[in-house]
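Given next are the chains, with one letter for each unit.
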Amino acid sequence: MLSTQAVFNHRRRTGFVCAVRSTLQLGALMVALTHAGSAMSQPTNDPDLDVITLDEIEPADDSTNNISETESTRPLPIEEVRLFAEALEAIRTAYVSDIDDKTLIDYAIRGMLAGLDPHSAYLSADDYDNLQESTEGEFGGLGIEIGEEDGYIKVITPVDDTPAARAGVMPGDLIVEINGRPVREMLINDAVELLRGEPGSDVDITLMRDTESEPIDITLTREVISASSVRHRMLEPGYAYIRIAQFRTNTGPEVVKALEDLRASNDTLNGLVLDLRNNPGGVLQASVQVVDAFISGGQIVYTEGRFDDSDGNFYATADDPSQGIPLVVLINTGSASAAEIVAGALQDQGRAVIMGTRSFGKGSVQSVLPLNNERALKLTTSLYFTPSGRSIQAQGIEPDIVVDEALVTRRMPRRGIYSERDLEGHLPGTDESEAESDTPRPVTSSEQIVVSDYQLNEALTLLKGWHIMESGRQRRQNDE
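What you see as residue numbers is a count from 1 along each chain, following the sequence as written. With pLDDT at 70 or above as the cut-off, local features in this predicted model cover only qualifying residues; side-chain atom pairs require 80 or more to be listed or tallied, and sums for whole chains, interfaces and linings still use all residues. The side-chain quantities take in all heavy atoms of the structure and omit both hydrogens and water.

1. Examining the overall build of the chain
Argument step 1. Looking only at helices and strands, the chain features twelve helices and 21 strands.
Argument step 2. Each residue is assigned to one of three classes by its accessible area relative to the maximum for its type, calculated with a 1.4 Å probe on protein chains only: buried under 20%, partly exposed between the two thresholds, exposed over 50%. The buried share of the chain, taken over its 480 residues, is 48%.
Argument step 3. The contact criterion used throughout is that any non-hydrogen atoms of two residues lie within 4.5 Å. For the chain, long-range pairs separated by at least 24 residues make up 75% of all intrachain contacts whose partners lie at least 6 apart in sequence. Put simply, DSSP marks the helices as runs of H or I at least four residues long and the strands as runs of E at least two long, and each gets a number from the N terminus on.

Encoded structure:
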């Protein structure tokens, strides 16, 4: 049960990193005391982050940690530093129980970052290990992406084919108790530790859901989560489906492999649905690779930050594994970060029809800046933009065709409704005897799709209409 982050290596100028490190190490003294309390409810890992790991940077020389010797840094405000020192000493001497200095400084750093934006955070050694596990795709727990909302632990989305998904945990559920312990104002990492455990052991959670008047009690059995980020199947003969649950380091090659498998097992592919709903994001490079699997050129995404080295551009290669297959991309409010990069790029390139509801709107990139003692800061350093220059931050991707989530009940045929072929003595059609036998049977029945997934049904209907129009146009060209 971890958040997904995007990790890709990006070298910064050593001078910039030294300056940042110096400011971060001494800047903790500038935090207001009120921030330290608010840090108790702030997540240290977010489900929708694009993180740049600066692990290629050489360790800074000790002399660069001196603010006065670093020309690119600003001097510390003495009055604010003095204020912090006074507050620290007051807590050390007057608080009801003794708290060691290390803990107080940790709280201060967390509070300082909590005041910046929802995605900047302080990473302990365990947090950093969790980040690596989530991007590599194997971790222990229940299989849910979580965040924080109003002091509660919120389910962003359950990961496909995990204990949480099988038990019916839904996006938007609030976890209010874990093993009978209230989670109000609990640090998200503390909640993670409670939800984790030995594979095969049970954990009791209590959920609150908007559509339910009473809390929901669920007992889940922990598993080693090794969830595949990509699944594929046929919806009907000629119409394929690829689902990306989250973007991990191997997601791009998995999508290419799925396209190869679909083509190898089917004579003709008339259309494809790419499902990015409730995908909280993940590895930025993986999103670039997924877009590259569907286009043969052009820009995919670019980033802009405060420093020149924060800027980056990503372009597609000439190869197109999808071979131009008609494409519909499904998104919703749970589609964030890397998922929005894919939807925005394919939309701007005119490669796909985007269908569903407006996406989450997370368009910032976080950098991991290492500190001493195996700790790090996850700091927002840039924003990313679609090829046309649109910023996704707080805006999201607006679908080309808005289709709300809904359940549909199909009306059964009424008795007493007849057609020409039901009339006694009707003139036979030229191919009446073959009408039923030649009709392909869908792998997933239309009834099942309509009732369980209205948005997917609309995507399939659009692809069918697309194919009909293209087939008719091709016939006319051949006749001419």
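2. What to know about the packing of aromatic side chains
Argument step 1. Ring pairs shown here join Phe, Tyr and Trp side chains whose ring centres sit within 6.5 Å, with only the six-membered ring taken for Trp; geometry is labelled stacked below 30 degrees between planes, edge-to-face above 60, and tilted in between. Taken as a whole and judged by the stated rule, the model has one aromatic pair.
Argument step 2. Seen in terms of ring centroids, Tyr302 and Phe385 are 5.2 Å apart; in terms of plane orientation they differ by 15 degrees. Their pairing is stacked. Separated by 83 residues along the polypeptide, Tyr302 in strand 15 (residues 299-305) and Phe385 in strand 20 (residues 376-385) bring together distant segments of the chain. One exposure class covers both Tyr302 and Phe385, and it is buried.

3. Brief notes about the pairing of strand 13 (residues 239-244)
Argument step 1. The buried fraction of strand 13 amounts to six of the six residues, a majority that puts the element mostly inside the structure.
Argument step 2. Along strand 13, one buried face is formed by Tyr239, Tyr241 and Arg243 and the opposite face, lined by Ala240, Ile242 and Ile244, is buried too.
Argument step 3. Strands are treated as partners if at least two bridges between them are detected by DSSP. Between strand 12 (residues 230-236) and strand 13, which pair antiparallel and follow one another directly, the connecting turn spans two residues, one of which, Gly238, has a positive phi of 95 degrees.
Argument step 4. As judged from the five bridges shared by strand 13 and strand 14 (residues 271-275), these two strands associate in the parallel manner. Opposite Tyr239, over in strand 14, you have Gly271 as the bridge partner.
Argument step 5. With the strands pointing away from the viewer, any crossover whose connection runs clockwise from the first strand over the helix to the second is right-handed. For the handedness criterion, the β-α-β arrangement of strand 13, helix 8 (residues 251-265) and strand 14 is classed as right-handed.

4. Side note on the confidence of the model for the chain
Argument step 1. Think of pLDDT as the predictor's per-residue confidence, scored from 0 to 100. Looking at the chain, the pLDDT average stands at 79 and 75% of residues meet or exceed 70.
Argument step 2. The low-confidence segment residues 51-71, where pLDDT is below 50, has 53 contacts with residues more than four positions distant or belonging to other chains.
Argument step 3. Considering only residues more than four positions removed or in separate chains, one finds that residues 434-444, a stretch of pLDDT under 50, has 16 contacts.

5. A word on the pairing of strand 12
Argument step 1. Where strand 12 lies against strand 13, six bridges are found, and the strand directions are antiparallel. Across the sheet, residue Arg233 finds its bridge partner in strand 13, namely Tyr241.

6. Some details on the nonpolar core
Argument step 1. Counting 44 residues, the largest nonpolar core has Leu274, Phe294 and Leu346 as its most contacted members.
Argument step 2. Looking at this core, the elements that each hand over two or more residues are strand 12, strand 13, helix 8, strand 14, helix 9 (284-292), strand 15, strand 17 (327-331) and helix 10 (338-348).
Argument step 3. At seven residues, the largest contribution of residues to this core is made by helix 10.
Argument step 4. Those residues in contact with Leu346 that lie beyond four places of it in its chain are Leu274, Val291, Phe294, Ile295, Leu327, Val329, Arg351 and Ala352.
Argument step 5. By size, the runner-up hydrophobic cluster in this structure holds 20 residues, among which are Ile144, Val155, Ile188 and Leu195. To form a nonpolar core, buried Ala, Val, Leu, Ile, Met, Phe, Trp, Tyr and Cys residues must be joined to one another through side-chain atoms within 4.5 Å.

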